[in-house]
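Descriptive structure summary
Chain residues, written in single-letter form:
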Amino acid sequence: MPRSLGWLGVAIKSAFLADGSNLDAKFQEMAQCRAPPGTWRVVPGRHRISLFDKPDDNVNPLSLATALCCAVPALLLLPGCGMERIAQMEALFRAYNQPGVPGAAVMIIHRGKPVFVRAYGLANLADQTPVRPATNFRLASLTKQFTAMAIMMLVEHGKLTYERTLTEIFPEFPAYGRTVTLRHLLQHTSGLIDYEDLLPDTATVQVLDRDVLALMQAQDSTYFPPGTQYRYSNSGYAVLAMVVERVSGMRFAEFLRTNIFQPLGMHTTVAFENGVSHVPHRALGYREENGAFVLKDQSLTSAVLGDGGIYSSLEDLFKWDQALYTEKLVSAATLQQAFTPGVLADGRPLDYGFGWRVQDYRGHRRLQHTGSTSGFRNVIQRYPDDKFSVIILTNRAEPEVEELATQLTDIFLFGK
């Protein structure tokens, strides 16, 4: 093996995997691909995974799909992704690829296939569990795209409209709710008071979505007239979760499981409720303090679901990403509203749709969202016209990862 490839790890050369092959169909064509010399690739087969640096290496392959569940960090590359490009991408994550540190899970998707999948570091420092592509991270504000989808599904089924007001849904809501619509909540133009600022300094019990709704009902005004300004609002998305419960008659977590996660085969994704549900393959969150990583997995707001309470993995988020090109959940017309930036009452445009930021990067349309919470930093960037996506999940409070995703895009999509 060339000395320059040592960072990939020889141990991955022949690793037995523990799970099934639910993504095999997606990757079978790769078995026929021939990589140029100097390019490592993964070849689907029956029982083992093999990474090799020459196309004529004589090795026994393993099911590619189950590489997403393997007990060692996985690397997946389509032919044509040269070693220089790989080295650039690996260098970006050097801080996560160290002994005994919280890690990261990274996926690049192009034209319906994961073309780069990499897991670094540890999911749990105490028991030294490595991060894997099947590891579930707390998504934080990446959750908002799922909350928005729940509302969109109810609208499409005729249960709601985007112009429905809070007092129409919650008759007990104070008078200011007469001018706050679901569209305002979805696009962060409601002006609802930040619930985090309303929590007393003496609070020790985690708040829930219903507590956020009660806090909003205890207010008598908003920061500004709804629809006139943009102000990012976790309160709005917690209230949206309660809208889903009121209209559907189901717990928010159960609505997501039944209507989104199960239909898409996202079997380990969960809106986590302590004492009710379980997070398999769970990553714990950490923060660096005085040169050491300490557990910072939960905060007073960690149990609020609508704004940030979902746990998911690369494996399941691949399915979510691909579903957004289809009508599996809602019609194309309904889905397009999520990807259309809002407009303020005076005509000024926003860069936010329903749970997604809508932007332009290097002349390409980009849909993205970041997520940060106690011990986690995440990002999803999608370039739908290019069928290209980057997903980064990490279980440490710092650093930000949005720029890392943009750099991966520069390297892979734009060749920079």
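Because the structure is a prediction, the values reported are computed rather than measured. (Residues numbered from 1 in each chain as written. Predicted model: local features only at pLDDT ≥ 70, side-chain atom pairs only at ≥ 80, totals over all residues. Heavy atoms only, no water.)

A word on the sheet that holds strand β9 (residues 270-271)
In plain terms, the rule: By this definition, two strands are paired if DSSP reports at least two bridges between them. Helix and strand definitions follow DSSP, with helices as H or I runs of at least four residues and strands as E runs of at least two, each counted in order from the N terminus.
What the three strands build is an open sheet, ordered β8-β12-β9; its pairing is antiparallel. Looking at strand neighbours, the two that pair on one side only are β8 (137-138) and β9, the edges of this open sheet. Across two bridges, the pairing between β9 and strand β12 (residues 310-312) is antiparallel. Residue pairing across strands places Ala-271 opposite Ile-310, the latter belonging to β12.

Quick notes on the side chain of Asn-124
Where we set the bar: Any N or O atom pair separated by 3.5 Å or less is treated as a polar contact, with the protein-specific requirement of one donor-capable and one acceptor-capable atom, and with residues adjacent in sequence counted only for side-chain atom pairs. Whether two residues are in contact is decided by their heavy atoms, any of which lying within 4.5 Å being enough.
Here Asn-124 shows up in strand β6 (residues 122-124). Within the structure, the side chain of Asn-124 is placed 2.9 Å from the backbone nitrogen of Ala-126, a separation counted as a polar contact. In this view, Asn-124 contacts Thr-129, Leu-284 and Tyr-286; residues no more than four positions away in its chain are not counted.

Digging into the nonpolar core
What counts here: Here the nonpolar core consists of buried residues drawn from Ala, Val, Leu, Ile, Met, Phe, Trp, Tyr and Cys, with membership extended through side-chain atoms lying within 4.5 Å. Three labels apply to residues, based on accessible area from a 1.4 Å probe with only protein chains included: buried if under 20% of the type maximum, exposed if over 50%, partly exposed otherwise in between.
Judged by nonpolar contacts, the single largest core of 78 residues is most densely connected at Phe-146, Met-149, Ile-151, Phe-170, Val-239, Ile-260 and Trp-320. In terms of residues, this core owes the most to one element, helix α3 (residues 144-156), which gives nine residues. Filtering out sequence-adjacent residues up to four positions away, Ile-151 remains in contact with Leu-160, Tyr-162, Leu-182, Leu-186, Leu-240, Val-243 and Val-244.

Digging into helix α9 (residues 314-323)
Counting buried positions along α9 gives ten out of ten residues, so the element sits mostly inside the fold. Burial in α9 covers these residues: Leu-314, Glu-315, Asp-316, Leu-317, Phe-318, Lys-319, Trp-320, Asp-321, Gln-322 and Ala-323.

Here we look at the pattern of salt bridges
Condition: In what follows, salt bridge is the name for a side-chain nitrogen of Lys or Arg lying within 4 Å of a carboxyl oxygen of Asp or Glu.
Taken as a whole and assessed by the stated rule, the structure comprises 16 salt bridges. Note that Arg-251 is salt-bridged to Glu-273, the shortest N-O span being 2.6 Å. One end of the pair, Arg-251, is in the loop between α7 (234-248) and α8 (252-264); the other, Glu-273, is in the loop between β9 and β10 (286-289), with 22 residues separating them in the sequence. In this structure, Asp-297 engages Arg-282 in a salt bridge whose closest nitrogen and oxygen atoms are separated by 3.0 Å. Placement of the pair is Asp-297 in the loop between β11 (292-295) and β12 and Arg-282 in the loop between β9 and β10, with a sequence separation of 15 residues. Owing to a relative accessible area of 8%, Asp-297 belongs among the buried residues under this scheme.

Some thoughts on helix α2 (residues 83-92)
Note that an α-helix has 3.6 residues per turn; residues three or four places apart therefore point the same way. How we decide: By definition, the arc is the one covered by directions from the helix axis to the C-beta atoms.
Met-83, Ile-86, Met-89 and Glu-90 are the residues of α2 that are buried. Down the axis of α2, the smallest arc covering the buried residues is 120°, so these residues share one side.

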